[in-house]
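Single-letter residue listing:
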Amino acid sequence: MNQDEMKQAVAKAAIDYVIPGTIIGVGTGSTANYFIDELAKIKGKIEGTVASSVASAERLKAHGIHVFDLNAVDGISIYVDGADEANKHLHLIKGGGGALTREKIVAAASDKFICIADESKLVNRLGRFPLPVEVIPMARSLVAREIIKQVGGEPVLREGFTTDNGNIIIDIHNLDIMEPVKTEQLLNGITGVVTNGLFAIKPATVLLLGCQDGIKTID
C-alpha cells in the first residue's frame, strides 16, 4: 500500500469505533478527510458531527452530514483525527494544518480520541516535525523569545497563515521533546499562547496505524 492507501485503510478501521446514535467529533487534514468520506456511508446511523475546522465542516456538509456547533451539544462519543507525529505512549504532535486549538477543544469534549495515521507518523521521540503554537498576534515577539527560554528550539512564524480563530502560528523547529507533558505545560504557560500542538496531557485513547501489512492498534 502507498501512503494514501494506508490513510484510507485506517479511516475505514476507525468506523468500527463509531457509536450509532451519537455525535462524532471530526478532525482536520488529509487522513481526517478520508474518515469523513467513510462516515458519509453510514451518516444515517449517527446523530451528527462536530468539526474542528471550517474546512472539515464544509466537507461534512457537502456529504449531507449534519454539523453541530460544540456549544449546542452535551457531549461527543468519539473524536477521530490524524497526527503529524505519534509515539508509543499515544502522545501526539498535531497542527500541521493549523487547526490545533479547535482540534484540542473537540478532543477534550469527547469521551475517546481515536487517532488515525500511516506508519510513517510513529516515532520514538517527538520533535522532528515542527511543533505548532497558536499565538495572539500582538504577542508574537514576546512568545518567540519565551519559547527559546522555556523549551529551546527555533521558533519560526508561519508566513501568510491565519487560524480559523484569527491568530498566527509559530512553528518550533529542532526540538527534542524528552518530556511531552512538561513541554506542553511550559508552552501553554507562556502569556500570549492560545495552545500548542502537543497532545500529551490528554493523549489519544487509541492509535490506529496503517501499515504495509494491515492495521496496527496501539492502546
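Computed from a predicted structure; not experimentally measured.

> What is the right way to read the sheet that holds strand S2 (residues 48-51) from this model?
Sheet strands associate in pairs through backbone hydrogen bonding, adopting either a parallel or an antiparallel arrangement. Pairing within the open sheet is mixed, and its six strands lie in the order S2-S1-S3-S6-S12-S13. Edge positions in the sheet fall to S2 and strand S13 (214-218), since each of these pairs with one other strand and no more. Each strand of the sheet is rotated relative to its neighbour by a mean of 25 degrees, with strand direction disregarded. Sheet analysis places strand S12 (residues 206-211) next to S13, joined by five bridges and oriented antiparallel. Of the residues in S13, the one forming a bridge with Gly210 is Ile215. Across the face of the sheet, helix H2 (residues 30-39) comes into contact with strand S1 (23-26), S2, strand S3 (76-81) and strand S6 (110-118) while running at roughly 155 degrees to S1.

> How do you make sense of the packing of H2 against helix H3 (residues 54-62) when you look at a structure like this?
Packed helices, taken two at a time, are described by the angle their axes make and the gap between the axes. Running from amino to carboxyl end, H2 crosses H3 at an angle of 25 degrees, the nearest separation of the two axes being 10 Å. Considered as vectors, H2 and H3 are oriented roughly parallel to each other. As H2 runs across H3, the sense of the crossing is right-handed. Residues Asn33, Ile36, Asp37 and Leu39 of H2 lie in contact with H3, whose contacting residues are Ser56, Arg59 and Leu60.

> Got a minute to help me understand the sheet that holds strand S8 (residues 154-157) in this structure?
Read from one edge to the other, the open sheet built from four strands follows the order S8-S9-S7-S10, with strand pairing classed as antiparallel. In this open sheet, the two edge strands, each paired with only one partner strand, are S8 and strand S10 (193-196). The mean inter-strand angle of the sheet, taken between neighbouring strand axes irrespective of direction, is 30 degrees. Sheet analysis places strand S7 (residues 131-135) next to S10, joined by three bridges and oriented antiparallel. Along S10, the bridge assignment pairs Val133 with Asn196. Running over the sheet, helix H4 (residues 100-108) touches S7, strand S9 (168-173) and S10 and is turned about 70 degrees from S10.

> It is not clear to me how the state of the cysteines should be interpreted in this structure. Could you clarify?
Where two cysteines share a covalent bond between their sulfur atoms, that bond is called a disulfide. Following the criterion strictly, the structure yields zero disulfides and no others. This cysteine, Cys115, is not joined by any disulfide, and Cys211 carries the nearest cysteine sulfur, 13 Å off. For Cys115, a relative accessible area of 0% gives the class buried.

> How should I be thinking about H3 in this particular structure?
Along an α-helix, a turn takes 3.6 residues, which lines up residues three or four apart on a common side. Among the residues making up H3, those that are buried are Ser56, Ala57 and Leu60. The buried side chains of H3 occupy one side of the element, clustering within an arc of 100 degrees when seen end-on. Of the residues in H3, the exposed ones pointing more than 90 degrees away from the buried face are Ala55, Glu58 and Ala62. Looking at the buried residues of H3, the elements they touch are S1, H2 and S2.

> In this structure, what is going on with the packing of helix H1 (residues 3-14) against H2? I would like to understand it.
Contact geometry for H1 and H2: axes closest at 8 Å, N-to-C directions at 50 degrees. Put simply, H1 runs oblique to H2. The handedness of the crossing between H1 and H2 is right-handed. Across the interface between the two elements, Asp4, Lys7, Gln8, Val10, Ala11, Lys12 and Ala14 from H1 touch Ser30, Thr31, Tyr34, Phe35 and Glu38 from H2. Tallied by class, residues from the contact of H1 with H2 come to five nonpolar, three polar and four charged.

> I keep staring at the nonpolar core and nothing clicks. Help me out?
Ranked by size, the top nonpolar core spans 25 residues in total, and within it Val18, Phe35, Leu39, Leu60, Ile116 and Leu208 carry the most contacts. Of all the elements in the fold, those that place two or more residues in this core are H1, S1, H2, H3, S3, S6 and S12. It is H1 that contributes the most residues to this core, four residues altogether. Apart from residues no more than four positions distant in its own chain, Leu39 is found in contact with Ile15, Val18, Val26, Ile46, Thr49, Leu60 and Ile65. In terms of nonpolar packing, the next biggest core, distinct from the first, is built from 20 residues, Ile76, Val106, Cys115 and Cys211 among them.

Rules behind the numbers
Residues numbered from 1 in each chain as written. Predicted model: local features only at pLDDT ≥ 70, side-chain atom pairs only at ≥ 80, totals over all residues. Heavy atoms only, no water. Pairing = 2+ DSSP bridges. Helix = DSSP H or I, 4+ residues; strand = E, 2+ residues; numbered from the N terminus. Axes fitted to C-alpha atoms, helices over the stretch in contact; angles between N-to-C directions. Contact = heavy atoms within 4.5 Å. Parallel < 35°, antiparallel > 145°, perpendicular 65-115°, else oblique. Left-handed = near helix turned anticlockwise from the far one by under 90°. Disulfide = S-S within 2.5 Å. Buried < 20%, exposed > 50% of the residue type's maximum accessible area, 1.4 Å probe, protein only. Arc of directions from axis to C-beta. Nonpolar A, V, L, I, M, F, W, Y, C, P; charged D, E, K, R; others polar. Core = buried A, V, L, I, M, F, W, Y, C linked by side-chain atoms within 4.5 Å.

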